[in-house]
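# Summary of structural features
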Amino acid sequence: FAIDKPPFDDPMVRKAFTLAVDREKLVEEFFGNTGQVAHGFLPPGLPGYDTSIPDILFDPDEARRLLADSSYGGPDGLPPILYTTANVGGRASARVESLLDMWNRNLGVKVGVRLLDADTYLYALRGRIDNMFDHGWVADYPSPQNFLDILFRSGAKNNLGKYSSPEGDALLDKAQVEQNEDQRLELYRHVERLLVRDSAAIPLNFGR
């Protein structure tokens, strides 16, 4: 989500779009045994992986309720929404088209698409973010810092969605200097729970 722009400046809208996605179906259809549904942002096997994070359920009824109760008052009150993704043979990938269809069917929202050249997508993304965008991440080293600090700290270069949380930043600051490994990892788990609570992004899948 581009959180610094309408309509995803409202966390209820972000939550609605998250709950309107049948991620189990999406991962099964497009990734099969090579993918695993993500309910958070730290993958299995990484230090700090949190098995206690509740599953993000597919709940179209709750999604519609949240959208109606948001500051935009439902689908008719939303501004035009564009999704930025890579150009695959002159169109969005089948996975992205499935996402757009779910938001249309489950929320009554038609999301447009902006296609960027696939070879330079990640480089061009910083200057061409619309309301939503595709993004994936592979850590440089096995630490939750390389996910949470790099992708979600306020003002971080790779925080493309412009998520900002003073509480989250304070926890990240503490984690950077915490000497006790168990306490350090628990601080990162707390940050991840904040991100899920705030619907900072829609976690879709982890690779296997």
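Heads up: these notes are all about the structure in this document.

So, about the sheet that holds strand 4 (residues 132–133). One open sheet holds the three strands; their spatial order is 3-2-4, and the pairing between them is parallel. Lying at the two open borders of the sheet, with one neighbouring strand each, are strand 3 (112–116) and strand 4. Relative to strand 3, strand 2 (residues 82–86) runs parallel, the two being bridged by five bridges. By the bridge assignment, Leu82 is partnered in strand 3 with Gly112.

Attention shifts here to a negative patch on the surface. On the surface, a cluster of negative charge is made up of Glu24, Glu28, Glu29 and Asp55. Tracing the backbone shows Glu29 in helix 2 (residues 23–30).

Taking 1.5 Å per residue, 17 residues should reach 24 Å; helix 8 (residues 181–197) reaches 24 Å between its end C-alpha atoms and fits that length. Looking at the buried positions of helix 8, the neighbouring elements they touch are helix 1 (11–19), helix 6 (145–152) and helix 7 (166–177). Where helix 8 begins, the capping side chain belongs to Asn180, and its oxygen is found 3.0 Å from the backbone nitrogen of Asp182. Two residues or fewer past helix 8, Ser199 is found with a positive phi of approximately 50°.

In terms of nonpolar packing, the biggest core is built from 48 residues, with Phe17, Trp103, Leu107 and Leu148 touching the most fellow members. Only helix 1, helix 3 (60–69), helix 4 (94–107), helix 6, helix 7 and helix 8 provide two or more residues apiece to this core. With sequence-adjacent residues up to four places away left out, Leu148 is seen in contact with Phe41, Leu42, Arg153, Leu172, Tyr188, Val191, Glu192 and Leu195. Residues Tyr121, Leu125, Ile129 and Phe133 belong to the second largest nonpolar core, which totals eight residues.

Pro6 connects to Pro7 through a cis peptide bond whose omega is 0°. With respect to the helices, strands and loops of the structure, Pro7 is situated in the segment before helix 1. Unusually for a residue other than glycine, Lys162 sits at a positive phi of about 65°. In this structure, Lys162 sits in the loop between helix 6 and helix 7.

Another point: the pattern of salt bridges. One pass over the structure, following the stated rule, counts 14 salt bridges. For Arg193, the salt bridge identified is with Glu186, shortest N-O distance 3.2 Å. For Glu186, a relative accessible area of 35% corresponds to the partly exposed category. Within the structure, one salt-bridge network assembled from shared partners comprises Asp50, Glu186, Arg189 and Arg193.

The rules behind each value
- Residues numbered from 1 in each chain as written.
- Predicted model: local features only at pLDDT ≥ 70, side-chain atom pairs only at ≥ 80, totals over all residues.
- Heavy atoms only, no water.
- Pairing = 2+ DSSP bridges.
- Helix = DSSP H or I, 4+ residues; strand = E, 2+ residues; numbered from the N terminus.
- Patch = residues over 30% accessible without salt bridge, like charges linked within 9 Å, V, L, I, M, F, W, Y side chains within 5 Å.
- Areas by Shrake-Rupley, 256 points an atom, 1.4 Å probe, with all protein chains shown as cover.
- Salt bridge = Lys/Arg side-chain N within 4 Å of Asp/Glu carboxyl O.
- Lys, Arg positive; Asp, Glu negative; His and termini not counted.
- Charge placed at Lys NZ, Arg CZ, Asp CG, Glu CD.
- Expected span 1.5 Å × (residues − 1).
- Contact = heavy atoms within 4.5 Å.
- Polar contact = N/O pair within 3.5 Å; in protein donor to acceptor, adjacent residues only side chain to side chain.
- Core = buried A, V, L, I, M, F, W, Y, C linked by side-chain atoms within 4.5 Å.
- Buried < 20%, exposed > 50% of the residue type's maximum accessible area, 1.4 Å probe, protein only.

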